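The primary structure of each chain is shown beneath.
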Amino acid sequence: NCSDSRPESVGKQTNTLSCPALNVAFTGHRADSLPWGFNESSDECIKLKAGLLRAIRCAYAEGKRCFLSGMASGVDIYAAEAVLQLRETLPGIALVCVFPCPSRDSRSAAIAAAADSVIVLSSEYCAGCMKRRNRFLVENASMLIAVYDGRRTGGTFQTVGMAARRGLRTVILNPTAKKFDSSLTNLCQVSEQGLIQSLIHMNITVPATARCTDNCF
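Residues numbered from 1 in each chain as written. Predicted model: local features only at pLDDT ≥ 70, side-chain atom pairs only at ≥ 80, totals over all residues. Heavy atoms only, no water.

Asker: When you look at the overall build of the protein in this model, what are you seeing that I'm missing?
Answerer: Check the secondary structure of the protein and you find 6 helices and 7 strands. Taken from the N to the C terminus, the helices and strands of the protein come in the order β-β-α-β-α-β-α-β-α-β-α-β-α. For the protein, the residues scored as buried account for 53% of the 217 residues in total. Once local pairs closer than 6 in sequence are excluded, the contacts in the protein between residues at least 24 apart make up 74%. Of the roughly 9,900 Å² of accessible surface on the protein, 49% is carried by carbon and sulfur atoms. (Helix = DSSP H or I, 4+ residues; strand = E, 2+ residues; numbered from the N terminus. Buried < 20%, exposed > 50% of the residue type's maximum accessible area, 1.4 Å probe, protein only. Contact = heavy atoms within 4.5 Å. Areas by Shrake-Rupley, 256 points an atom, 1.4 Å probe, with all protein chains shown as cover.)

Asker: Just checking my understanding: could you explain helix α2 (residues 75–86) for this structure?
Answerer: Structurally, the α-helix is built with 3.6 residues per turn, so residues lying three or four positions apart point the same way. Given a rise of 1.5 Å per residue, 12 residues ought to cover 16 Å, and the 16 Å separating the end C-alpha atoms of α2 matches this to within 8%. Burial runs high along α2: 10 of the 12 residues are buried. The set of residues buried in α2 consists of Val75, Asp76, Ile77, Tyr78, Ala79, Ala80, Ala82, Val83, Leu84 and Leu86. (Expected span 1.5 Å × (residues − 1).)

Asker: Just checking my understanding: could you explain the confidence of the model for the protein for this structure?
Answerer: Caution is warranted with low-pLDDT regions, since their predicted coordinates should not be read in detail. Of the residues in the protein, 74% reach a pLDDT of 70 or more, and the chain-wide mean stands at 81. Taken together, the stretch residues 179–192 has pLDDT below 50 and engages in 35 contacts with residues farther than four places along the chain or on a different chain. Low pLDDT (under 50) marks residues 200–217, which in the prediction has 44 contacts with non-local residues, meaning those over four places away or in another chain. (pLDDT = per-residue confidence, 0-100.)

Asker: Honestly, the packing of helix α4 (residues 129–139) against helix α5 (residues 155–166) in this entry has me stumped. Any pointers?
Answerer: A pair of packed helices is characterised by two quantities: the angle between their axes and the separation of those axes. Interaxial distance between α4 and α5 falls to 9 Å at its minimum, and their mutual angle equals 35 degrees. As α4 runs across α5, the sense of the crossing is right-handed. For the pair α4 and α5, the contacting residues are Lys131, Asn134, Arg135, Val138 and Glu139 in the first and Gly155, Gln158, Thr159, Met162, Ala163 and Arg166 in the second. For the contact of α4 with α5, the per-class residue count stands at 3 nonpolar, 4 polar and 4 charged. (Axes fitted to C-alpha atoms, helices over the stretch in contact; angles between N-to-C directions. Left-handed = near helix turned anticlockwise from the far one by under 90°. Nonpolar A, V, L, I, M, F, W, Y, C, P; charged D, E, K, R; others polar.)

Asker: I keep staring at the pattern of salt bridges and nothing clicks. Help me out?
Answerer: Where charged atoms from two side chains of opposite charge approach closely, those side chains can pair. Inspection of the entire model under this criterion finds 6 salt bridges. A salt bridge links Arg107 to Glu81, with the nearest nitrogen and oxygen atoms 2.9 Å apart. Residue Arg107 is found in helix α3 (residues 106–114), and its partner Glu81 is found in helix α2; the two are separated by 26 residues along the sequence. The exposure class assigned to Glu81 is partly exposed, which follows from its relative accessible area of 28%. A salt bridge links Arg87 to Asp116, with the shortest nitrogen-to-oxygen separation between them at 3.1 Å. With a gap of 29 residues between them, Arg87 in the loop between α2 and β4 (94–99) and Asp116 in the loop between α3 and β5 (117–120) connect regions that are remote in the sequence. (Salt bridge = Lys/Arg side-chain N within 4 Å of Asp/Glu carboxyl O.)

Asker: Which parts of the structure should I look at to understand the environment of Ala55?
Answerer: Mapped onto the secondary structure, Ala55 falls in helix α1 (residues 43–61). Among the residues examined, Ala55 registers a relative accessible area of 2% and is labelled buried. When the C-alpha atoms of Ala55 and Ala146 are compared, they prove to be 9.9 Å apart, with 91 residues separating the residues in sequence.

Asker: Mind showing me how you'd approach the nonpolar core here?
Answerer: Soluble globular proteins: nonpolar side chains tend toward being buried together. In terms of nonpolar packing, the biggest core is built from 38 residues, with Ile56, Phe67, Ile93, Leu95, Cys97, Ile111 and Ile145 touching the most fellow members. Of all elements in the fold, only β2 (23–28), α1, α2, β4, α3, β5, β6 (143–147) and β7 (169–173) reach the threshold of two or more residues within this core. Take this core: its biggest share by element is 9 residues, from α2. Setting aside residues up to four positions removed in sequence, Phe67 forms contacts with Val24, Phe26, Ile56, Ala59, Tyr60, Val83, Ile93, Ala94, Leu95 and Val96. Counting residues in hydrophobic clusters, the runner-up holds 21 residues, among them Leu17, Val96, Ile119 and Ala146. (Core = buried A, V, L, I, M, F, W, Y, C linked by side-chain atoms within 4.5 Å.)

Asker: Can you walk me through the side chain of Thr170 in this structure?
Answerer: Assignment of secondary structure puts Thr170 in strand β7. A polar side-chain atom of Thr170 sits 3.3 Å from the main-chain carbonyl oxygen of Leu168. (Polar contact = N/O pair within 3.5 Å; in protein donor to acceptor, adjacent residues only side chain to side chain.)

Asker: What should I look at first to understand the packing of aromatic side chains in this one?
Answerer: For any pair of aromatic rings, geometry is given as the distance between the ring centres together with the angle between the planes. Scanning all chains against the criterion turns up 1 aromatic pair. Relative to Phe67, the ring of Phe26 lies with its centre 6.0 Å away and its plane at 25 degrees, an arrangement referred to as stacked. Of this pair, Phe26 sits in strand β2 while Phe67 sits in strand β3 (residues 66–69), placing them 41 residues apart in sequence. A single burial state applies to Phe26 and to Phe67, both of which are buried. Residue placement shows Lys49 over the ring face of Tyr78; its charged tip is 4.8 Å from the ring centre. A cation over an aromatic ring shows up here: Arg65 above the ring of Tyr60, its NZ or CZ 3.7 Å from the ring centre. (Phe/Tyr/Trp six-rings, centres within 6.5 Å; stacked < 30°, edge-to-face > 60°. Lys NZ or Arg CZ within 6 Å of the ring centre and 35° of its normal.)

Here it is, written out as structure tokens:
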């Protein structure tokens, strides 16, 4: 079962995880939960992807080098592809694909083939493997980039809560923000109130380090 299985490296090295202080994890809603669904040609989706690129560049400028994606459809895939895109201009940046269980998705497979490390947490799907993936991401990072709309259910909500408990610095991009322009400051401010309300709902004290930050924008 999930609790008994050990993470497996699939044809890749995992030494990129040796220093969590240099690592950033992603979390975000699946494609069918985003306002634009699977239509990645929509203006909103294009702007979100641009926001992810900016957030990654910001983290890189602060010394972060390893970026972990949970490889679910939607935001995880967008983020992983953004890291691969930035490898052309940001020396030393690395992508780690963290699969909760084996995937047959062709897009995920293409990303994994180009990644620096690939980790599969369970040899087969089990009831707790998604939560285990979320915990693994948070435990192996010092920063979280989250595409989160403030809802109080789901894996993204769960992961943001885990990050808050551990005091991870968290940058929030809100996919439902009415003004989704080039300023991550605006995106962060729109979503922070919803984030804090959600964490309070979970009886989590919100440390300053877990709140939205935008120091390099």
